[in-house]
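Listed below, chain by chain, are the residues.
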Amino acid sequence: MQKKIPVGILGATGIVGQRFIQMLEHHPWFEVAWLAASERSAGHTYAHAARWRLKTPIPERVAKMLVSHPDPKDAPKVIFAALDAGIAAELEPRFAEAGCAVVSNSSALRMHADVPLVIPEVNPDHLALVRNQAWRKSSGGFAVTNPNCSAIGLVLALAPIEKRFGIEKVFVVTMQAVSGAGYPGVASLDILGNVIPFISKEEEKMEAETRKLLGKVADGYVQDADLIVSAQCNRVAVEDGHTEAVSIKLRKPATAEEIISTWKEFRSVPQELKLPTAPEHPVVYDTGSDRPQPRFDLDRGHGMTSSVGRLRACGILDWKFTVLSHNTIRGAAGAALLNAELLKAQGYFD
Ligand SMILES: NC(=O)c1ccc[n+]([C@@H]2O[C@H](COP(=O)([O-])OP(=O)(O)OC[C@H]3O[C@@H](n4cnc5c(N)ncnc54)[C@H](OP(=O)(O)O)[C@@H]3O)[C@@H](O)[C@H]2O)c1
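Since this is a predicted model, take the numbers as computed values, not measurements.

Trainee: Just to check I follow, could you spell out the packing of aromatic side chains for this structure?
Mentor: A complete count under the given rule lists nine aromatic pairs for this structure. Taken together, Phe-20, Trp-29, Phe-30, Phe-80 and Phe-349 form an aromatic cluster joined through their ring pairs. One residue, Lys-344, lies across the ring of Trp-29, its end atom 4.7 Å from the ring centre.

Set out below in structure tokens:
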């Protein structure tokens, strides 16, 4: 049996850090070897430092591990980063500079010209940007990012349609779960029985990231897709799962049957390579008249599938539909894990 690759988690105590620990527990290639968080947590056992919010128990081995200071000195070479964006902007480059492969969830580096923003089913070729990074040339370290939790479900649904018919315009309204704000996140008095029509910087991220993800690599850099995206983001009183109401204008006409079959047939590199975290179906079209719903459809593909439903004609653009994806799995830890599996499969960890 091949030896597992030791990995570290920066921001291990947070909502996304916890998902990493849960998803890595029985991972065939990676093994949690190092945990780090803020000074508040450093020096404590993980069980003591983390306010565990998941339904499965903390893996016994991890519960006893000591949380380290966020210093690359003793860290393994592969780091999953789940830090708040502010501190990520400082720490992620420090780890890459020290020779680590930083597989990040935060927005800190996503839009940097030489940092790949990747969904393995959509733009695996963007990983080549790593070659431009100064860290890669000096220490061998590098950084790769996954998109914002609301952009990823949307782009999984858009990518096969864009490839076959071309997309000119996207209008999207989100209904985003409270877990998307981390822990403790939004105060219960603000969100219970309420909808908050504002999530700081989320609309800008969705719009810019969608264009970068669907863009093409040319001369070593990404040329953004020529696509107009307008996003309106709302926080709703749902624990997990971002739901999105989407309208699109296509470049070539398509029937509903053609669009649905494009989603059904969508398979890509992670499915071909049989990456351990890859869902069998990246997108599933649900024929139920009132689906997808977070309560029933969130765990499709172990939380890695983007569920789509309610395709119908749009009176303003061409077509409209609903998308649902798991914000802390496909939108965060699962996204980074799939990126790391693709990196390993392509020899970036050798
Ligand atoms: N939640 C989601 O659905 C989601 C989805 C996609 C992307 N993301 C992104 O993922 C990142 C983490 O999100 P989250 O929801 O897990 O947030 P969170 O629950 O607030 O967790 C933040 C983590 O960062 C650590 N941290 C804070 N300040 C630090 C410092 N100075 N040095 C080292 N570690 C520090 C915290 O450690 P302590 O516990 O010690 O304070 C904690 O482990 C964010 O950038 C977020 O935007 C989140």
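What follows picks up the thread again.
Trainee: Explanation requested: the pattern of salt bridges in the structure shown.
Mentor: Oppositely charged side chains can form a pair if their charged atoms are brought close together. Counted under the stated rule, the structure contains seven salt bridges. Across the pair Arg-251 and Asp-226 runs a salt bridge whose closest N-O atoms are separated by 4.0 Å. Of this pair, Arg-251 sits in the loop between β11 (242–250) and α9 (256–265) while Asp-226 sits in the loop between β9 (221–223) and β10 (228–236); the two residues are 25 residues apart in sequence, bridging distant segments of the chain. A residue is classified by how much of its surface remains accessible, and Arg-251, at 43% relative accessible area, is partly exposed. Across the pair Arg-300 and Asp-286 runs a salt bridge whose closest N-O atoms are separated by 3.0 Å. Here Arg-300 is found in the loop between α11 (294–297) and β13 (306–313), whereas its partner Asp-286 is found in strand β12 (residues 283–286), with 14 residues between them in sequence. Taking relative accessible area as the criterion, Arg-300 reaches 25% and is therefore assigned partly exposed.

Trainee: Help me understand the confidence of the model for the protein chain, please; the structure alone is not making it clear to me.
Mentor: Low-pLDDT stretches of the model should not have their predicted coordinates read in fine detail. Per-residue confidence for the protein chain gives a mean pLDDT of 97, with 100% of residues at or over 70. Averaged over each element, pLDDT in the protein chain is lowest for strand β8 (residues 216–218) (96) and highest for β11 (99).

Trainee: Looking at this structure, I do not really get the sheet that holds strand β6 (residues 167–176). What am I missing?
Mentor: Strands in a sheet are paired, the pairing made by backbone hydrogen bonds, and the direction either parallel or antiparallel. On the basis of which strands lie adjacent, the open sheet formed by seven strands has the order β7-β10-β6-β11-β14-β13-β12 and mixed pairing. Each having just a single partner strand, β7 (195–196) and β12 make up the two edges of the open sheet. Note: β13 against strand β14 (residues 319–325), five bridges, orientation antiparallel. Counted as the bridge partner of Gly-309 is Thr-322 from β14. Contacting β6, β10 and β11, helix α8 (residues 202–213) runs over the sheet at an angle of about 140 degrees to β10.

Trainee: Help me out: how do you make sense of the site of the ligand in this one?
Mentor: By nearness alone, 28 residues border the ligand, and Thr-13, Ser-38, Arg-40, Ser-41 and Leu-83 come closest of all. Arg-40 is positioned such that a nitrogen or oxygen atom in its side chain is 2.6 Å from an oxygen atom of the ligand. Considering the ligand on its own, with 910 Å² of exposed area, one finds that the protein chains cover 83% of that surface. At three residues, the largest contribution of residues to the shell around the ligand is made by helix α4 (residues 85–97). Looking at side-chain class alone, the shell around the ligand contains 13 nonpolar, 13 polar and two charged residues.

Trainee: Help me out: how do you make sense of helix α1 (residues 15–24) in this one?
Mentor: In an α-helix, one full turn covers 3.6 residues, which means residues spaced three or four apart are oriented alike. Burial within α1 is extensive, with eight of its ten residues counted as buried. Among the structural elements, β1 (5–10), β2 (30–36), α2 (46–49), α3 (60–63), β3 (78–81) and α12 (329–345) are those in contact with the buried residues of α1.

Trainee: It is not clear to me how the sheet that holds strand β4 (residues 101–104) should be interpreted in this structure. Could you clarify?
Mentor: Pairing is parallel across the open sheet formed by five strands, whose spatial order is β2-β1-β3-β4-β5. Pairing within the sheet leaves two strands with one partner each, and these edge strands are β2 and β5 (142–145). Averaged over all pairs of adjacent strands, the angle between their axes in this sheet comes to 25 degrees, without regard to strand direction. Note: β3 against β4, four bridges, orientation parallel. Looking at the pairing, Val-78 lines up with Ala-101 of β4. Strands β1, β2, β3, β4 and β5 of the sheet are contacted by α4, whose axis makes an angle of about 150 degrees with β4.

Trainee: Quick question: what am I supposed to make of α4 here?
Mentor: The end-to-end C-alpha distance of α4 is 18 Å, a good match for the 18 Å that 13 residues give at a rise of 1.5 Å each. In α4, a bend of some 25 degrees at Leu-91 exceeds every other bend along the element, and Pro-93, a proline, comes one to four places later. Buried residues along α4 sit against β1, β2, β3, β4, α5 (134–138) and β5. Immediately downstream of α4, the backbone of Gly-99 shows phi near 100 degrees, a positive value.

Cut-off values and rules
- Residues numbered from 1 in each chain as written.
- Predicted model: local features only at pLDDT ≥ 70, side-chain atom pairs only at ≥ 80, totals over all residues.
- Heavy atoms only, no water.
- Phe/Tyr/Trp six-rings, centres within 6.5 Å; stacked < 30°, edge-to-face > 60°.
- Lys NZ or Arg CZ within 6 Å of the ring centre and 35° of its normal.
- Salt bridge = Lys/Arg side-chain N within 4 Å of Asp/Glu carboxyl O.
- Helix = DSSP H or I, 4+ residues; strand = E, 2+ residues; numbered from the N terminus.
- Buried < 20%, exposed > 50% of the residue type's maximum accessible area, 1.4 Å probe, protein only.
- pLDDT = per-residue confidence, 0-100.
- Pairing = 2+ DSSP bridges.
- Contact = heavy atoms within 4.5 Å.
- Axes fitted to C-alpha atoms, helices over the stretch in contact; angles between N-to-C directions.
- Near = heavy atom within 4 Å.
- Polar contact = N/O pair within 3.5 Å; in protein donor to acceptor, adjacent residues only side chain to side chain.
- Areas by Shrake-Rupley, 256 points an atom, 1.4 Å probe, with all protein chains shown as cover.
- Nonpolar A, V, L, I, M, F, W, Y, C, P; charged D, E, K, R; others polar.
- Expected span 1.5 Å × (residues − 1).
- Bend = angle between axes of the 7 residues up to and from the residue.

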